[in-house]
Amino acid sequence: MKIAIFNHHRLGIVQQDRIFDVSDAVSWDALHPQASLERLIVSFNEWKPKLELALTHSESYPLTEVKLQAPVPKPSKILAAPVNYLNHQSEMNAKFNNAPYTIEKLGLFLKAPSSIIGPGETILLPYKDRRHDHEAELAFVIGKEAKNIKAAEAAEYIFGYFALMDITVRGEEERTWRKSFDTFTPMGPWIVTSDEVNNPHDLQMELWVNEELRQNTHISEIIWDCYTCLEKASQAMTLYPGDIITTGTPEGVGPITKGDRVRIRIERIGEFSVNVDFKDDAV
Ligand code: MN
């Protein structure tokens, strides 16, 4: 099932090129979309037949006529994997000449949930004279509370998957700081539930800046796969339904600037674009 949030935080189910407004079927509260989403996630098996029934009589719209929003609007945390593809690891170590980066050394880091934006919105760059990069990533949302979960059991804790851009200012500050500016976490276009994704490591991921293909990788090249990321994260902190883990970016990371349009696509999940501009008070 493809679960979307659209038009002032309505709940939608996407089928082919249409979106069905199923808000009323699950007592969705558009004023509290994250709480409503978490309620839906934890009781999904119970709600699923109601959603399927709702599809037979709910109002629907062409996808082109609605405004999609971030599918997970306000998680309690976003955990992110640094240097989680071998080719990106070489790229980072060559370009930035730091002590060797590896995910085993670095572990996961936090991004501020307030940095989330949805499809069609605009990344606002805070600096005119520093390099800002795009990072294409496969992300997932936690389905049930997870603490000390082994990778072998991790799949049942993942509710669904979506595409995420981990926007970054290069520099010396802490990663969390450089990746947490408002608008630095575009995500979308919707959550695809785990049963529809099947194997999350058997997906092709691409990112374009304007018409230029910058990143193009099969997720199987990942170092800590989705399940290992969940295992490592849940050893350190309790993961709650609605939390996000984003699994890191492959090679091809590059700069973005005012006027660019950035598009990400992940096989079986979908695609979305965002614009790039300077923040009003960019320095
Ligand atoms: Mn990243």
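Report follows, based on the coordinates.

Thresholds applied
Residues numbered from 1 in each chain as written. Predicted model: local features only at pLDDT ≥ 70, side-chain atom pairs only at ≥ 80, totals over all residues. Heavy atoms only, no water. Donors = N, O, S within 2.8 Å, 3.2 Å for Na, K, Ca; no water. Helix = DSSP H or I, 4+ residues; strand = E, 2+ residues; numbered from the N terminus. Buried < 20%, exposed > 50% of the residue type's maximum accessible area, 1.4 Å probe, protein only. Pairing = 2+ DSSP bridges.

**Focus on the coordination of the manganese ion**
Phase 1 of the analysis: Binding of the manganese ion to the protein goes through E135 (OE), E137 (OE) and D166 (OD), at separations of 2.0 to 2.1 Å.
Phase 2 of the analysis: Here the donor residues of the manganese ion are spaced in sequence according to E-x1-E-x28-D. Placement of the pair is E135 in the loop between strand 10 (132–134) and strand 11 (136–142) and D166 in the loop between strand 12 (158–165) and strand 13 (168–169), with a sequence separation of 31 residues.
Phase 3 of the analysis: The exposure class assigned to D166 is buried, which follows from its relative accessible area of 0%.

**As for unusual backbone geometry**
Phase 1 of the analysis: With an omega dihedral of -10 degrees, the bond running from G188 to P189 counts as a cis peptide bond.
Phase 2 of the analysis: Within the secondary structure, P189 sits in strand 14 (residues 185–193).
Phase 3 of the analysis: Positive phi is not limited to glycine here, since N7 has a value of about 40 degrees.
Phase 4 of the analysis: With a relative accessible area of 29%, N7 lands in the partly exposed category.
Phase 5 of the analysis: Of note, Q16 is a non-glycine position whose phi angle comes to about 45 degrees, a positive value.
Phase 6 of the analysis: In this fold, Q16 is placed in the loop between strand 2 (10–15) and strand 3 (18–21).

**Let's talk about the sheet that holds strand 18 (residues 254–255)**
Phase 1 of the analysis: Taken in spatial order, the three strands of this open sheet run 13-10-18, and their pairing is antiparallel. Each edge of the sheet is formed by a strand with only one pairing partner; in this case those strands are strand 13 and strand 18.
Phase 2 of the analysis: Bridge analysis of strand 10 against strand 18 gives two bridges, and the strand direction is antiparallel. From the neighbouring strand, D133 faces strand 18, where its bridge partner is P255.

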